[in-house]
Amino acid sequence: MQTNRNKTASSKLLKSINQQRVLRLIFTEGPISRVELAEKTGLTQQTITNIVNRLLKDDVVQELNPVASNGGRKPVPIMVKSENLYAIGIEVAIRYVRGMLMDFCRRPVKEVIVDVPVYENDEHSVAYIQQVIDELLEHVTNRNQLKGIGCSIQGLVDSKRGVVIYSPGLRWRQFPLQERLEEAYGLPVYLENDANLLALVENLNGRLAGSLNNLTVKLDYGIGGAIVTNGQLSAGATHVAGEFGHYKAFDGEDARLCHCGATGCLTTFASASGLKRNGGYTPAQLLQALEADEPNALKLFGKIEAAVGRAISNVITILNPDHVLLTGKMIDGLGKRLIPALNQRIMETVPESCRDVNLVYLPRTPEESSSAVGLVMNHFFDVPVDRLTL
């Protein structure tokens, strides 16, 4: 009897996985016909028809006008009704909470920003988040079309448990934020740190779409990163994989003390905060000094470029990604000088077997509230293969 129940549960999960595979494909490659869906997924035409009919009934997808063909019935393109699906994205920062209500076409409906003088305790942080969410909900006309709330957290996050492991500025340690918000609003809630979140969004329908193995390096006020392997985010044993900021990059007189307690970390010069603290420049000021050919600025830039380049080259050699995405305030301010130099150094220092890697970058760092909407979208279209046990 137990075996039959297990088979039934596995069958239902496999059905769910197939539907999510089709839905994600419609979203990422639509408009797309039933024939193309069958070819790309390997599912039978009847299975595709059953799945599409369910999605049409749920009002998640729509059929467009038939298109011309070489003979036979004209194929009917299908696409996701992105304009009828919505999500809330929340950026929880040290000095503010920003919220965004957007549709799945990434069109903003309402933005709310609340300044925070100081978070006095862990409940104080939740109160500010709820204030923003409550105001955004006033602009939701149909709650059934709201598919969830995504939160971008500056800190260490266990996204599977929905727990903020540690965020000193937000006064959180092992805080069950997902549970608290789901109890309050009855909606799916997803948490992620900012670098992982950006990687998820860019892999779904951004610069990393179509890539299966990639790195994201965010050179911001701090330095964070994310590792995607075989299309899945690698969190690591204790959910801190991708912490590139603590790669040991500087020695000798340049081995400055990092906030982690060690010395020589990449973040001590190659982050916006480290650059200001130890180098005396903001990214914009350094670019201006470089354009004036100031010797100190040129020396400092060379030191930073070499350290970042070596760090990325070594990680490429170890992990063999097909893409590396660079973003953050350092790229915003210094990208036009830094990107060409990094590309040259990386191609000169990685093994020949790894030189097919593509170095891409975002010319402007996305707002994290918008990225948090993408977190909801990613989960909505997620394929839950990790839960399949046969």
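Here goes a summary of the coordinates provided.

What counts and how
Residues numbered from 1 in each chain as written. Predicted model: local features only at pLDDT ≥ 70, side-chain atom pairs only at ≥ 80, totals over all residues. Heavy atoms only, no water. Helix = DSSP H or I, 4+ residues; strand = E, 2+ residues; numbered from the N terminus. Rg over C-alpha atoms; globule rule 2.2 N^0.38 Å. Buried < 20%, exposed > 50% of the residue type's maximum accessible area, 1.4 Å probe, protein only. Contact = heavy atoms within 4.5 Å. Areas by Shrake-Rupley, 256 points an atom, 1.4 Å probe, with all protein chains shown as cover. Lys, Arg positive; Asp, Glu negative; His and termini not counted. Charge placed at Lys NZ, Arg CZ, Asp CG, Glu CD. Pairing = 2+ DSSP bridges. Axes fitted to C-alpha atoms, helices over the stretch in contact; angles between N-to-C directions. Core = buried A, V, L, I, M, F, W, Y, C linked by side-chain atoms within 4.5 Å. Parallel < 35°, antiparallel > 145°, perpendicular 65-115°, else oblique. Left-handed = near helix turned anticlockwise from the far one by under 90°. Nonpolar A, V, L, I, M, F, W, Y, C, P; charged D, E, K, R; others polar. Disulfide = S-S within 2.5 Å.

**Quick word on the overall build of the protein**
- Assigned secondary structure in the protein consists of 12 helices and 15 strands.
- Radius of gyration (C-alpha) of the protein: 23 Å, near the 21 Å computed for a compact globule of 390 residues.
- Expressed as lengths along the three principal axes of its C-alpha atoms, the size of the protein is roughly 70 × 55 × 45 Å.
- The buried share of the protein, taken over its 390 residues, is 48%.
- For the protein, long-range pairs separated by at least 24 residues make up 59% of all intrachain contacts whose partners lie at least 6 apart in sequence.
- For the protein, the accessible surface area stands at approximately 18,900 Å², while carbon and sulfur atoms represent 48% of it.
- For the protein, the distance from the average site of its 41 positive side-chain charges to the average site of its 42 negative ones is 5 Å.

**Comments concerning the sheet that holds strand β14 (residues 323-327)**
- Here 5 strands make up an open sheet; going across it, the order is β13-β12-β11-β14-β15 and the pairing mixed. Whereas interior strands pair on both sides, the edge strands pair on one side only; in this sheet they are β13 (232-233) and β15 (358-361).
- Where strand β11 (residues 214-219) and β14 come together, 5 bridges link them in parallel fashion. Paired with threonine 216 across the strands is leucine 325, a residue of β14.
- Contacting β11, β12 (223-229), β13 and β14, helix α6 (residues 194-205) runs over the sheet at an angle of about 40 degrees to β12.
- Taken strand by strand, helix α10 (residues 295-319) contacts β11, β12 and β14, and its axis lies near 160 degrees from that of β11.

**Quick word on the environment of leucine 298**
- Within the secondary structure, leucine 298 sits in helix α10.
- Relative accessible area serves as the criterion here: at 35%, leucine 298 is assigned to the partly exposed category.
- Between the C-alpha atom of leucine 298 and that of lysine 218, which follows or precedes it by 80 residues, the distance is 22 Å.
- Not counting chain neighbours up to four residues away, the residues in contact with leucine 298 comprise Leu290, Asp293 and Arg337.

**Topic: the nonpolar core**
- Leu219, Leu266, Leu286, Val308, Ile316 and Leu326 are the most contacted members of the largest nonpolar core, which has 40 residues in total.
- Going through the elements one at a time, β11, β12, α7 (267-270), α8 (272-279), α9 (283-291), α10, β14 and α11 (329-349) are the ones with two or more residues in this core.
- With 10 residues, the top contributor of residues to this core is α10.
- In contact with leucine 219, not counting residues within four places along its chain, are Ala270, Val308, Thr327, Gly328, Lys329, Met330, Ile331 and Leu338.

**Structural notes on the pairing of β12**
- Here β12 lies mainly inside the structure; 6 of its 7 residues are buried.
- As paired elements, β11 and β12 share 6 bridges and run antiparallel to each other. Across the sheet, the residue bridging to leucine 215 is isoleucine 227, located in β12.
- Counting the residues that bridge the hairpin from β11 to β12 gives 3 residues.
- Of the strand pairs in this sheet, β12 and β13 are connected by 2 bridges, and their pairing is antiparallel. Within β13, the position partnered with valine 228 by the bridge is leucine 233.
- Counting the residues between successive antiparallel strands, the hairpin from β12 to β13 contains 2 residues, one of them, asparagine 230, with a positive phi of roughly 55 degrees.

**Details of the packing of α10 against α11**
- At a minimum axis distance of 9 Å, the contact between α10 and α11 shows a crossing angle of 45 degrees. Classified by the interaxial angle, the pair formed by α10 and α11 is oblique. For α10 against α11, the interelement crossing comes out right-handed. Note on element contacts: α11 touches α10 through Arg337, Leu338, Ala341, Leu342, Arg345, Ile346 and Thr349, opposite Leu298, Phe301, Glu305, Ala306, Val308, Gly309, Arg310, Ile312, Ser313 and Ile316.
- A class-by-class count of the residues in the contact of α10 with α11 yields 10 nonpolar, 3 polar and 4 charged.

**So, unusual backbone geometry**
- A cis geometry characterises the amide bond from glycine 30 onward to proline 31, with omega recorded as 5 degrees.
- Tracing the backbone shows proline 31 in the loop between α1 (2-29) and α2 (34-41).
- Its identity is not glycine, yet asparagine 230 carries a phi of approximately 55 degrees, on the positive side.
- Among the secondary structure elements, asparagine 230 is positioned in the loop between β12 and β13.
- Judged by relative accessible area, asparagine 230 falls into the exposed class, the value being 57%.
- Unusually for a residue other than glycine, aspartate 293 sits at a positive phi of about 55 degrees.
- Positionally, aspartate 293 belongs in the loop between α9 and α10.

**A short note on the state of the cysteines**
- Under the counting rule described, the total for this entry stands at 0 disulfides.
- Residue cysteine 265 stays outside any disulfide, its sulfur separated by 3.7 Å from that of cysteine 260, the closest cysteine.
- You can call cysteine 265 buried: its relative accessible area is 0%.

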